[in-house]
Structures are given as structure tokens and as C-alpha cells.
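Working through the structure, step by step
Okay, here's what each chain looks like letter by letter:
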Amino acid sequence: QVQLVESGGGSVQDGGSLKLSCTVSGYSYDTYCMGWFRRAPGKEREGVAVTYTGGGSTYYADSVKGRFTISLNNAKNMLYLHMNTLKPEDTAMYYCAAHSAFSCYGYLDKADFHYWGQGTQVTVSS
């Protein structure tokens, strides 16, 4: 079974940076679409960024393009989200997720990923 555990959340000022990490365990030899999703109070879950473990397929939400970077370290079984120039509207609970797949095309809007982490809170104050 696949398990995901997020870390790295916290509270920062407007314009600050954070790096979120997701430790992945229990994975098989299958390829996956890996992603970061977030949910703010009163809002629906939003896809932030997704990337394919086989390479060559990465997508970002328009609201974070140019500010956030998703990356994988396969040797360490880690998924990362580098967040720069954070804004108050980025405040949310952030979740990492995994879904057995051969591409991430269309997965930014996919709500039913097979596996989810417990979430880590990001708060950006103005």
C-alpha cells in the first residue's frame, strides 16, 4: 500500500517562501501521477501542480505558474513543492496525492486520486 506524509508547512509573510515535502512509501514498480492539491476555508479542493514519475508531464494551476515548482527525487522517494512569492490567497491545507497512471494529462482537475497524505497547513499573512 502507498503511504504519503507531508511536511514543511508553516506561517510566512506575504512574499515569503516555503518548501513542502512529501515522503512516499509502499510504492510498487508502477508509474504514477504525483500531485499537490490545496483546500482553503470555504473553497473546493484545487489542483496546484502534478508531475509524472516517468518524466515529461508536468502541469500547474494558472494561479501558481511562475511561483511554484513541483519536483521529484526518485532516489529519496520524495515529492516537493517549492513555493515562492507567496500570497495571502495561497493560505490553505496542502495535500500530496498519488495515482497509478501513464501520464498526468488532465489530472490537475482530477479529484479522485488513489492515495492522499494527511495535509500540511500553509498560512500567508499580509
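Residues numbered from 1 in each chain as written. Predicted model: local features only at pLDDT ≥ 70, side-chain atom pairs only at ≥ 80, totals over all residues. Heavy atoms only, no water.

**Comments concerning the overall build of the chain**
- When helices and strands are tallied, the chain shows zero helices and eleven strands.
- What you see in the chain, going N to C, is helices and strands ordered as β-β-β-β-β-β-β-β-β-β-β.
- By the compact-globule yardstick of 14 Å for 126 residues, the chain fits well, its C-alpha radius of gyration being 14 Å.
- Counting only C-alpha atoms, the chain reaches 45 × 25 × 25 Å along its principal axes.
- The buried share of the chain, reckoned over its 126 residues, is 42%.
- Look at the contacts in the chain between residues 6 or more apart in sequence, and 59% of them connect residues 24 or more apart.
- Side-chain charges in the chain split into 10 positive and 10 negative, and the spacing between the mean points of these groups amounts to 3 Å. (Helix = DSSP H or I, 4+ residues; strand = E, 2+ residues; numbered from the N terminus. Rg over C-alpha atoms; globule rule 2.2 N^0.38 Å. Buried < 20%, exposed > 50% of the residue type's maximum accessible area, 1.4 Å probe, protein only. Contact = heavy atoms within 4.5 Å. Lys, Arg positive; Asp, Glu negative; His and termini not counted. Charge placed at Lys NZ, Arg CZ, Asp CG, Glu CD.)

**Observations regarding the pairing of strand E11 (residues 120–125)**
- Of the two faces of E11, the one holding Thr120, Val122 and Val124 is buried and the one holding Gln121, Thr123 and Ser125 is not buried anywhere.
- Relative to E11, strand E2 (residues 10–13) runs parallel, the two being bridged by four bridges. Along E11, the bridge assignment pairs Gly10 with Val122.
- As judged from the three bridges shared by strand E9 (residues 92–100) and E11, these two strands associate in the antiparallel manner. Residue Met93 lies in a different strand from E11, and its bridge partner there is Gln121. (Pairing = 2+ DSSP bridges.)

**Considering the side chain of Thr120**
- The topology assignment puts Thr120 in strand E11.
- Among the polar contacts made by the side chain of Thr120, one reaches the main-chain amide nitrogen of Gly9 at a distance of 3.1 Å.
- If sequence neighbours within four positions are ignored, Thr120 has contacts with Glu6, Ser7, Gly8, Gly9, Leu20, Ala92, Met93 and Tyr94. (Polar contact = N/O pair within 3.5 Å; in protein donor to acceptor, adjacent residues only side chain to side chain.)

**Some details on the pattern of salt bridges**
- As enumerated under the stated definition, the model contains five salt bridges in all.
- Between Glu46 and Arg38 there is a salt bridge whose closest N-O contact spans 2.9 Å.
- Judged by its relative accessible area of 29%, Glu46 falls in the partly exposed class.
- The salt bridge involving Arg38 is made with Asp90; its shortest N-O contact spans 2.9 Å. Taken together, the positions of Arg38 in strand E4 (residues 32–39) and Asp90 in the loop between strand E8 (78–83) and E9 put the pair 52 residues apart, joining distant regions of the chain. (Salt bridge = Lys/Arg side-chain N within 4 Å of Asp/Glu carboxyl O.)

**A look at the sheet that holds E8**
- Taken in spatial order, the four strands of this open sheet run E1-E3-E8-E7, and their pairing is antiparallel. Looking at strand neighbours, the two that pair on one side only are strand E1 (3–7) and strand E7 (68–73), the edges of this open sheet. Strand after strand, the sheet turns through a mean of 15° between neighbouring axes, direction not considered.
- Pairing analysis gives five bridges linking E1 to strand E3 (residues 18–25), with the strands arranged antiparallel. For Glu6, the partnering residue across the bridge sits in E3 and is Cys22. (Axes fitted to C-alpha atoms, helices over the stretch in contact; angles between N-to-C directions.)

**Side note on the nonpolar core**
- Formed by 26 residues in total, the largest nonpolar core has its most connected members in Leu4, Trp36, Val48, Phe68, Leu81, Met83 and Tyr94.
- Those residues in contact with Leu4, other than ones at most four positions away along the chain, are Cys22, Thr23, Val24, Met34, Cys96, Ala97, Ala98, Tyr115, Trp116, Gly117 and Gln118.
- Counting ten residues, the second-largest nonpolar core is a separate cluster that includes Cys33, Phe37, Val50 and Phe113. (Core = buried A, V, L, I, M, F, W, Y, C linked by side-chain atoms within 4.5 Å.)

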